[in-house]
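As a plain string of letters, each chain reads:
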Amino acid sequence: QVDLAESGGGSVQAGGSLRLSCANSGYRGSTYCMAWFRQAPGKEREGVAAIVTDGRLIYTDSVKGRFTISQDSTKHTLYLQMNSLKPADTAMYYCAASGFPGCSETIENLGVAYSVRGFEYWGQGTQVTVSS
């Protein structure tokens, strides 16, 4: 199994930037898709960005042009660069991974925002707070 740990969250003012990291210390060569999700109090957990099997990047509309997902395959680390942050981005951010070979199709069919059930491995989360 994979062991995911997020870091890099914090408090920033609107318009600021943060870079989140997700270390996969339990990598066993079985990860096909990785993604970042966020969840605010009283709301469903929402996928914001994903890297699918062929390396293609998928973003939900609300973060396009502001967030960038990337990975360092050698270090088995996933990143989320968040620019032009808004108060609406305030949430707990989670790293997720899937070892299911068909995860790309699942994410595409559901839409990344609604793909929470397509991931079986999760980190504990890192808090992002954006003030106006």
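Read on for an overview of the structure. (Residues numbered from 1 in each chain as written. Predicted model: local features only at pLDDT ≥ 70, side-chain atom pairs only at ≥ 80, totals over all residues. Heavy atoms only, no water.)

Description of the sheet that holds strand 1 (residues 4–7)
Sheet architecture is open: 4 strands sit in the order 1-3-8-7, paired in antiparallel fashion. Because the sheet does not close on itself, it has two edges, and the strands there are strand 1 and strand 7 (67–72). Taken over all neighbouring pairs, the strand axes of this sheet differ in orientation by 15° on average, direction set aside. Both strand 3 (residues 18–24) and strand 8 (residues 77–82) contribute to a ladder of 6 bridges, which runs antiparallel. When the sheet's bridge partners are listed, Ala23 is paired in strand 8 with Thr77. (Pairing = 2+ DSSP bridges. Helix = DSSP H or I, 4+ residues; strand = E, 2+ residues; numbered from the N terminus. Axes fitted to C-alpha atoms, helices over the stretch in contact; angles between N-to-C directions.)

Brief notes about the side chain of Ser98
Position of Ser98 relative to the elements: it lies in strand 9 (residues 91–98). Looking at Ser98, the relative accessible area reads 1%, which means it is buried. There is a polar contact of 3.1 Å between the side chain of Ser98 and the backbone nitrogen of Phe100. (Buried < 20%, exposed > 50% of the residue type's maximum accessible area, 1.4 Å probe, protein only. Polar contact = N/O pair within 3.5 Å; in protein donor to acceptor, adjacent residues only side chain to side chain.)

With respect to the pattern of salt bridges
On inspection of all chains with the given rule, the structure shows 5 salt bridges. Linking Glu108 and Arg56 is a salt bridge whose minimum nitrogen-to-oxygen distance equals 1.7 Å. With Glu108 in helix 1 (residues 103–110) and Arg56 in the loop between strand 5 (46–51) and strand 6 (57–59), the pair connects residues that are 52 residues apart, well separated along the chain. Given the relative accessible area of 41%, Glu108 is considered partly exposed. The structure contains a network of salt bridges with shared partners spanning Arg38, Glu46, Arg66 and Asp89. (Salt bridge = Lys/Arg side-chain N within 4 Å of Asp/Glu carboxyl O.)

Considering the layout of surface pockets
Taken as a whole, the second largest pocket encloses approximately 170 Å³ of empty space. In terms of lining residues, the second largest pocket is bounded by Arg38, Gln39, Ala40, Lys43, Glu44, Glu46, Ala88, Thr90 and Ala91. Here the lining of the second largest pocket is built from residues that sort into 3 nonpolar, 2 polar and 4 charged. (1 Å grid on protein atoms, 1.4 Å probe; cavity = no way out; pocket = protein on both sides within 12 Å on 5 of 7 lines; lining within 4 Å. Points joined across faces, edges and corners; volume = space filled by probe spheres on them. Nonpolar A, V, L, I, M, F, W, Y, C, P; charged D, E, K, R; others polar.)

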